[in-house]
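Commentary on secondary and tertiary structure
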Amino acid sequence: MDRIALMLTEAGYRPVPTPLNIAGLIFDLPLAFVGGDTSPDLIVVADTAFEPEQRILQKVEGVARALDVVKSKRPLTAVLAGPRPTSPVLDAMSRVCRVLPVGSAPGGDTEAGIRNWLAVLMPLHLPDPSGGIADPLSEIRKHLDGLEPEVAKLVERAESGVEAVQSRLYEVVAEPVSNMELDPEP
């Protein structure tokens, strides 16, 4: 539970005081978080090792109903730490929210395993677009051996722009047609 809380906090989710109070209804859940602009989720965390799965299901369904009553736009996500609940409970829970069972597979309770289970809640880290990207034309030129000479020339013309390639392609296609003799008799 502590590692889940730390990862969610590091990802920008704010902890919400528990027990959770929605529209005057109190929901006793171990942890709850809300996201910001990029991920507005309300995340509730429960531990299936310390609470019966049916009771957790009742709480999650109650939170979902309370969010509906107050016309909340926040999607609900339930993170379930501990043993994986039975399929009927997971199915019932998935009807009202996104369900992320954490630690229910070998290695799932490691740092990397938890991060993998929570991946849909984590921000994406994209590579720097200006660093380390190869020049596509240079890469293509490395593989020109064995190509038809006319195709290789099209690649060479690519440096001059789209119009240069289109012009040469038109010439390649039109050349055989223009050299054909028209037979006036059928």
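Each value, and the rule that gives it
- Residues numbered from 1 in each chain as written.
- Predicted model: local features only at pLDDT ≥ 70, side-chain atom pairs only at ≥ 80, totals over all residues.
- Heavy atoms only, no water.
- Helix = DSSP H or I, 4+ residues; strand = E, 2+ residues; numbered from the N terminus.
- Buried < 20%, exposed > 50% of the residue type's maximum accessible area, 1.4 Å probe, protein only.
- Pairing = 2+ DSSP bridges.
- Right-handed = clockwise from strand over helix to strand, strands pointing away.
- Expected span 1.5 Å × (residues − 1).
- Salt bridge = Lys/Arg side-chain N within 4 Å of Asp/Glu carboxyl O.
- Contact = heavy atoms within 4.5 Å.
- Core = buried A, V, L, I, M, F, W, Y, C linked by side-chain atoms within 4.5 Å.
- Arc of directions from axis to C-beta.

Moving on to the environment of Thr 9. Residue position: Thr 9 is located in helix α1 (residues 2-10). For the pair formed by Thr 9 and Val 34, sequence separation is 25 residues and the distance between their alpha carbons is 9.7 Å.

Attention shifts here to the pairing of strand β7 (residues 98-102). Burial analysis of β7 places four of its five residues in the buried class, the great majority of the element. Summarising the sheet, strand β6 (residues 76-81) and β7 pair through five bridges and their orientation is parallel. Residue pairing for β7: Thr 77 is matched across the bridge by Arg 98. Following the chain from β6 across helix α3 (residues 87-94) to the adjacent parallel β7, one finds a crossover that is right-handed.

With that settled, consider helix α2 (residues 53-69). In an α-helix, one full turn covers 3.6 residues, which means residues spaced three or four apart are oriented alike. For α2, spanning 17 residues, the distance from its first C-alpha to its last is 24 Å, which sits close to the expected 24 Å at 1.5 Å a residue. Listed as buried for α2 are Ile 56, Leu 57, Lys 59, Val 60, Glu 61, Gly 62, Val 63, Ala 64, Ala 66 and Leu 67. Looking one or two residues past α2, Lys 71 carries a phi angle of roughly 55°, positive in sign.

Structurally, Gly 62 is set in helix α2. Sequence spacing of Gly 62 and Ile 22 is 40 residues, and the spatial spacing of their C-alpha atoms is 9.8 Å.

To continue, consider the pattern of salt bridges. In total, this model carries three salt bridges according to the counting rule given. Between Asp 41 and Arg 98 there is a salt bridge, with its nearest N and O atoms 2.6 Å apart. Here the residue Asp 41 occupies a position in the loop between β4 (31-34) and β5 (42-47), and Arg 98 occupies one in strand β7, the gap between them amounting to 57 residues. By relative accessible area, which is 33% here, Arg 98 ends up partly exposed. Put simply, Glu 51 and Lys 59 hold a salt bridge, and the shortest N to O gap is 2.5 Å. Across the pair, exposure class does not vary: Glu 51 and Lys 59 are buried alike.

Read across the sheet, five strands follow the order β1-β4-β5-β6-β7 without closing on themselves; strand pairing throughout is mixed. Bordering the open sheet on either side are β1 (14-15) and β7, each of which pairs with just one other strand. For β4 and β5, the ladder comprises four bridges, and the chain directions are antiparallel. Counted as the bridge partner of Ala 32 is Val 44 from β5.

Now for the side chain of Glu 61. Mapped onto the fold, Glu 61 is located in helix α2. The residues touching Glu 61, leaving out its near neighbours within four places in the chain, are Ala 92 and Val 96.

With that settled, the discussion passes to the nonpolar core. Core analysis: the largest hydrophobic core is formed by 25 residues, its most contacted members being Leu 20, Val 63, Leu 76 and Met 93. At the level of secondary structure, the elements contributing two or more residues to this core comprise β2 (20-22), β4, β5, α2, β6 and α3. Broken down by element, the residue count for this core peaks at seven residues, all from α2. The residues contacting Val 63, other than those within four sequence positions of it, are Leu 20, Ile 22, Phe 27, Leu 29, Leu 42 and Leu 76. Counting 16 residues, the second largest nonpolar core, distinct from the first, contains Ala 5, Met 7, Val 102 and Ile 114.

Our next topic: α3. When α3 is considered as a whole, its buried residues turn out to be Val 89, Leu 90, Ala 92 and Met 93. An end-on view of α3 places all buried positions within 165° of arc, on one side of the element. Away from its buried face by more than 90 degrees, α3 exposes Ser 87 and Pro 88. Buried residues along α3 sit in contact with α2, β6 and β7.

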